[in-house]
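Spelled out, the chains give:
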2 protein chains.
Amino acid sequence: VTGLSGATGDTKLDDERYARAALTYLAEPGDPWLASLVRECGAVRALAAIRAGRFPGGKRGDAAERAMARWRRRLAGVPEHDQVASQLARGIRLITESDPEWPDGLAELGDNQPYAIWLRGAVTDLGAVCRRSVAVVGSRAATAYGTYVAAELAASIAALGWTVISGGAYGVDGAAHRGALARGGPTVAVMACGIDRAYPMGHTELLDGVAASGAVISEWPPGHGVARLRFLIRNRVIAAIARGTVVVEAGSRSGALNTARHARDLDRLVMAVPGPVTSDLSDGCHSIIRDWQATLVTSADEVIEALDRVGGTAGGNVGGTVGGTGGGAAGGGSSRARPGDQADLPFGVPAAQSPRDSPSREDHARDALDPEAATVLDALPMRGGGLPTSDIVARAGLETRTVLARLAVLTVCGLAERTERGWRARPPGQRRASG
Amino acid sequence: VTGLSGATGDTKLDDERYARAALTYLAEPGDPWLASLVRECGAVRALAAIRAGRFPGGKRGDAAERAMARWRRRLAGVPEHDQVASQLARGIRLITESDPEWPDGLAELGDNQPYAIWLRGAVTDLGAVCRRSVAVVGSRAATAYGTYVAAELAASIAALGWTVISGGAYGVDGAAHRGALARGGPTVAVMACGIDRAYPMGHTELLDGVAASGAVISEWPPGHGVARLRFLIRNRVIAAIARGTVVVEAGSRSGALNTARHARDLDRLVMAVPGPVTSDLSDGCHSIIRDWQATLVTSADEVIEALDRVGGTAGGNVGGTVGGTGGGAAGGGSSRARPGDQADLPFGVPAAQSPRDSPSREDHARDALDPEAATVLDALPMRGGGLPTSDIVARAGLETRTVLARLAVLTVCGLAERTERGWRARPPGQRRASG
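Description of the structure in this document.

A look at the overall build of chain A
Across its full length, chain A holds 15 helices and 11 strands. Within chain A, buried positions represent 61% of all 435 residues. Within chain A, residue pairs in contact and separated by at least 24 positions form 77% of the contacts whose partners lie at least 6 positions apart. Within the structure as shown, chain A displays about 15,600 Å² of accessible surface, and the carbon and sulfur contribution to it stands at 50%.

Okay, here's the thing in structure tokens:
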């Protein structure tokens, strides 16, 4: 079986690995100030700087200092070196960019690359498993049609030796994982909370099943809960590690389109399964087929054929990248609430109301936003070359620092984009404007 | 109301018009030998030549002489001048290419242009009615979904002031006509038999309703019945007179794809409505969206928007091109069987079994073929630059003259195409190869 090679480095917790683990506790993914600090001096020195409360080389601008204060507020929640080591001893794994199994696609996220990936499950080489993988995503409030199609599609994708990646949610995600498991294929659930948390609660057994033969992974450390915005931030990882993304059933404002757009931004193949035009829940699929020219697919054969056509990482036969190593369900990790958990997400933005654990609610990207982020989003132009920050500040009626923080969040979530002339909105369901 | 202008020429039956009428009795549409004779010397002299049994300028090649013999076998079925005049007096109209209302799109058929169009109905300017029109076609064996979508779509197209064109068949066609009628919009049924024939029988009232506010038209003269091949030959007229074609529900081998391909060959906009991937009857729609890049549409607004985007004949406000002139259901015309009716279709090809008048049978283009035409089709290469006639003859194991006659038929039907190197098949559902 290929892909069973490396991936033993994670048992040895050197300073670099520990620092990476600590960063996942200190900041939300995509924090631009932390990314630039790590790029500048590495994870170990970045962690030391945060502990010392001083940037290397002395004081910086206001925004950087506010970021520093934000990270320091979370310091108390960072476990000690031996605590992390004992998590790893209990079957949780930590993967960093220096590991051979770090999925190739993540590098393409640039400064938005995860600080590290936490993993529980049987997979011993995450990179190999992702090399021939397809993300199957869609609405939480899927219809019987969507659920059926997702399960069938995923089962056939697994039977062809490809990995199914999804987000572990109700509806399409859950059906996709189940379909893959039914054929004994490896499947990867990318979580918006710690890998030891079962979210949604109703998927506790399913996620254990995913771990038993595949992997449950997250950028957030054990113990962290979900927050609406984390789903959007997480979506870029699903898009990045998979060779292509298939949207099975999604309304016109579904969060699944957010994943599809991340995939498109990363030049991955975006595919969509059509459905009855009489169902609102296929609107999103139809609109990206029409407007983004997403590839229409109706079967796993078509999905794999389309992926083979665009080429990409060769992969070869990596059908069985799964070790028999111990099922590894449960996993350790603290489950007590930690400082920073849901408190000041991300880059200091207070979390919007925690999402309800309900399969019947449609998942609109916008619902993830706190009121100030929503106000900033409303202030952004939908068309044209963008407006400068000063105009956004004036239109939003908020402080400049607040607007800047929210713009950073909206950008990581794929809801806003920087242009030559300033900022512009990217509503779900709309293609990326050129330029 | 615009479009009520011209169209009075058809009450006066001059020699040219009579000759055109006669040609519709003498040959099937798309007969290449007749097209070249008419191009050479006009309809009046062509008719005279057929009556005399001699081509102008003397004897021609074998194929031409066989064509002459074929036409002459139908001479007995051609009504006299005063008989045709009395048909016209009874409310049937005859439209020829010299009439201002001759639909613009027909000229693009070149030598396959109809010899004339027979019409019954309230429409006084067929060209104006077609200028803002959409063909809505699909499977006869439509599901409840297909029927519902076709009716809704057609109703909304009519409400936007556009004409719905279809083929009068069971399933999608009928639903499209009904939807348009429900909104009082003009709708045009393009028949594969005489306009006085109700085919299918179950649509007798529907077709009368279409005529009452729109038009029932045909290339075949009154009294002529249907034959499988005639549906395929008819399809090119639907595609040519409409600004664009929407396929609502069609299996992968449906005759509706034949109409769509004719539309594509004529550079018309081809659109398709997606459906559940669990239904075979949406396969054809999905395949042309994927492979031909047919535009995915889910509503009348999207259809009209797409048509407006590609432009084309301006049209302006031609919403009400329908006269209130007398409902004109019934119509005259002989309904007795005539020589040539189903006897030797077309260009001497014996008719395949007459189609059953059943709504439950899928309409596969190939079923229209007699055994020899099917043999020739099987002998054609599916890919590559085509094979010379001699190779086709060898592969088919038939006489050269038979092969040539069947190739001509298959070409008019859109099932074969001539290439620089010879002949090639064009199976339904496959895009036209370049070159």
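Here the narrative resumes, following the displayed structure.
Quick look at the packing of aromatic side chains
Given two aromatic rings, one states the distance between the centres and the angle between the planes to describe the pair. Residue and element names in this part refer to chain B. Applying the stated rule across the entire model yields 6 aromatic pairs over all chains. Centre to centre, the rings of Phe-55 and Trp-71 are 6.1 Å apart; their planes meet at 65 degrees, and the pair counts as edge-to-face. Of the two residues, Phe-55 sits in the loop between α2 (32–52) and α3 (62–73) while Trp-71 sits in helix α3, which places them 16 residues apart along the sequence. One exposure class covers both Phe-55 and Trp-71, and it is buried.

Observations concerning the interface of chain B and chain A
Contact with chain B, which involves 17 residues of that partner, is made by 17 residues of chain A. Surface buried jointly by chain B and chain A totals about 1,400 Å² across both partners, of which 73% is contributed by carbon and sulfur atoms. Summed over the three residues of chain B that lose the most area to chain A, namely Val277(B), Arg290(B) and Leu296(B), the buried surface amounts to 40% of that side. Our count for the chain B to chain A interface comes out at 2 salt bridges. The salt bridge involving Arg290(A) is made with Glu302(B); its shortest N-O contact spans 2.7 Å. At the surface where chain B touches chain A, the tally comes to 4 residue pairs in polar contact (both at pLDDT 80 or more). When contributions to the side of chain B that touches chain A are tallied by element, the ones reaching two or more residues are α6 (144–159) and α11 (283–292) of chain B. A breakdown of the residues in the side of chain B that touches chain A according to their chemical character gives 10 nonpolar, 5 polar and 2 charged.

Re the sheet that holds strand β7 (residues 244–247) of chain A
Residue and element names in this part refer to chain A. Strand order in the open sheet formed by 9 strands is β1-β2-β6-β5-β4-β3-β7-β8-β9, with mixed pairing between adjacent strands. At either end of the open sheet lies a strand with only one pairing partner, and these are β1 (93–95) and β9 (295–296). One ladder, built from 3 bridges, connects strand β3 (residues 133–137) with strand β4 (residues 163–166); its direction is parallel. Considered in β4, the bridge of Ser-133 is made with Thr-163. Where helix α11 (residues 283–291) meets the sheet, its contacts fall on β7, β8 (269–272) and β9, and the angle it forms with β8 comes to roughly 130 degrees.

What to know about the pattern of salt bridges
All names here are of chain B. Per the counting criterion, the structure on display carries 42 salt bridges over all chains. A salt bridge links Asp-31 to Arg-70, with the shortest nitrogen-to-oxygen separation between them at 3.1 Å. On the criterion of sequence distance, the pair formed by Asp-31 in the loop between α1 (15–26) and α2 and Arg-70 in helix α3 is long-range, its members being 39 residues apart. Asp-31 sits in the buried class, given a relative accessible area of 1%. Across the pair Glu-305 and Arg-309 runs a salt bridge, and its minimum N-O distance is 3.7 Å. With Glu-305 and Arg-309 both in helix α12 (residues 300–310), this residue pair falls 4 residues apart, about one helical turn.

What to know about the pairing of β8(A)
Residue and element names in this part refer to chain A. Going residue by residue along β8, you find Leu-269 and Met-271 tucked away on one face and Val-270 and Ala-272 tucked away on the opposite face as well. The pairing of β7 with β8 spans 4 bridges and is parallel. Looking across to β8, one finds that Gly-244 is bridged to Leu-269. As defined by bridge partners, β8 adjoins β9 across 2 bridges and the pair is classed as parallel. Across the sheet, the residue bridging to Met-271 is Thr-295, located in β9. In this region the chain leaves β8, passes through α11 and returns to the parallel neighbour β9; the handedness of that crossover is right-handed.

Brief notes about helix α7 (residues 172–182) of chain B
All names here are of chain B. Among the 11 residues of α7, 8 are classified as buried, and the element is accordingly described as predominantly covered. Looking at α7, one finds that the buried residues are Val-172, Asp-173, Gly-174, Ala-175, Ala-176, His-177, Gly-179 and Ala-180. Residues of α7 that are buried make contact with β3 (133–137), α6, β4 (163–166), β5 (187–191) and α8 (204–213). At the C-terminal side of α7, Gly-184 shows a positive phi close to 70 degrees.

Let's talk about the side chain of Ser133(B)
Residue and element names in this part refer to chain B. As for its placement among the helices and strands, Ser-133 is situated in strand β3. A distance of 2.7 Å separates a polar side-chain atom of Ser-133 from the backbone oxygen of Cys-130. Sequence-distant contacts of Ser-133, that is, excluding residues within four places in its chain, are made with Trp-162, Thr-163, Ile-165, Ile-241, Ala-242, Arg-243 and Gly-244.

Overview of the relation of the copies chain B and chain A
With an RMSD of 0.1 Å, chain B superimposes on chain A once it is rotated by 180 degrees and translated 0.0 Å along the axis. Each copy turns onto its partner about a two-fold axis. Interface residue correspondence from chain B to chain A reaches 100%, placing this contact among same-surface, isologous pairings.

Some remarks on the environment of Gly194(A)
Residues and elements named next belong to chain A. Tracing the chain through its elements places Gly-194 in the loop between β5 (187–191) and α8 (204–213). Separated by 125 residues in sequence, Gly-194 and Ala-69 place their C-alpha atoms 24 Å apart. Discounting chain neighbours no more than four positions away, the residues touching Gly-194 are Ser-218, Trp-220, Pro-221, Pro-222, Gly-223 and His-224.

Examining the sheet that holds strand β1 (residues 93–95) of chain B
Residue and element names in this part refer to chain B. The 9 strands are arranged β1-β2-β6-β5-β4-β3-β7-β8-β9 in an open sheet whose pairing can be described as mixed. What marks the edges here is a single partner per strand, and that holds for β1 and β9 (295–296). Of the strands in this sheet, β3, β4, β5, β6 (215–218) and β7 (244–247) touch helix α9 (residues 228–241), which is tilted by about 155 degrees from β5.

Concerning the pairing of strand β6 (residues 215–218) of chain A
Residues and elements named next belong to chain A. Burial along β6 is two-sided: Ala-215 and Ile-217 and Val-216 and Ser-218, pointing in opposite directions, are all buried. Across 4 bridges, strand β2 (residues 117–121) lies against β6 in antiparallel orientation. Within β6, the residue paired with Arg-120 across the bridge is Val-216. The pairing of β5 with β6 spans 4 bridges and is classified as parallel.

Regarding the packing of helix α6 (residues 144–159) of chain A against helix α7 (residues 172–182) of chain A
Residues and elements named next belong to chain A. Two elements in contact, α6 and α7, have axes separated by 7 Å at closest approach and are oriented at 35 degrees. In the packing of α6 onto α7, the handedness of the crossing is right-handed. Each of Gly-146, Thr-147, Ala-150, Ala-151, Ala-154, Ala-155 and Ala-158 in α6 lies in contact with α7, whose residues at this interface are Val-172, Ala-175, Ala-176, Gly-179 and Ala-180. Residues belonging to the contact of α6 with α7 are distributed by class as follows: 9 nonpolar, 3 polar and no charged.

What counts as what
Residues numbered from 1 in each chain as written. Chains lettered and ligands numbered in written order. Predicted model: local features only at pLDDT ≥ 70, side-chain atom pairs only at ≥ 80, totals over all residues. Heavy atoms only, no water. Helix = DSSP H or I, 4+ residues; strand = E, 2+ residues; numbered from the N terminus. Buried < 20%, exposed > 50% of the residue type's maximum accessible area, 1.4 Å probe, protein only. Contact = heavy atoms within 4.5 Å. Areas by Shrake-Rupley, 256 points an atom, 1.4 Å probe, with all protein chains shown as cover. Phe/Tyr/Trp six-rings, centres within 6.5 Å; stacked < 30°, edge-to-face > 60°. Buried area = accessible area lost by both parts, 1.4 Å probe. Salt bridge = Lys/Arg side-chain N within 4 Å of Asp/Glu carboxyl O. Polar contact = N/O pair within 3.5 Å; in protein donor to acceptor, adjacent residues only side chain to side chain. Nonpolar A, V, L, I, M, F, W, Y, C, P; charged D, E, K, R; others polar. Pairing = 2+ DSSP bridges. Axes fitted to C-alpha atoms, helices over the stretch in contact; angles between N-to-C directions. Right-handed = clockwise from strand over helix to strand, strands pointing away. Least-squares fit on C-alpha atoms with pLDDT ≥ 70 in both. Left-handed = near helix turned anticlockwise from the far one by under 90°.

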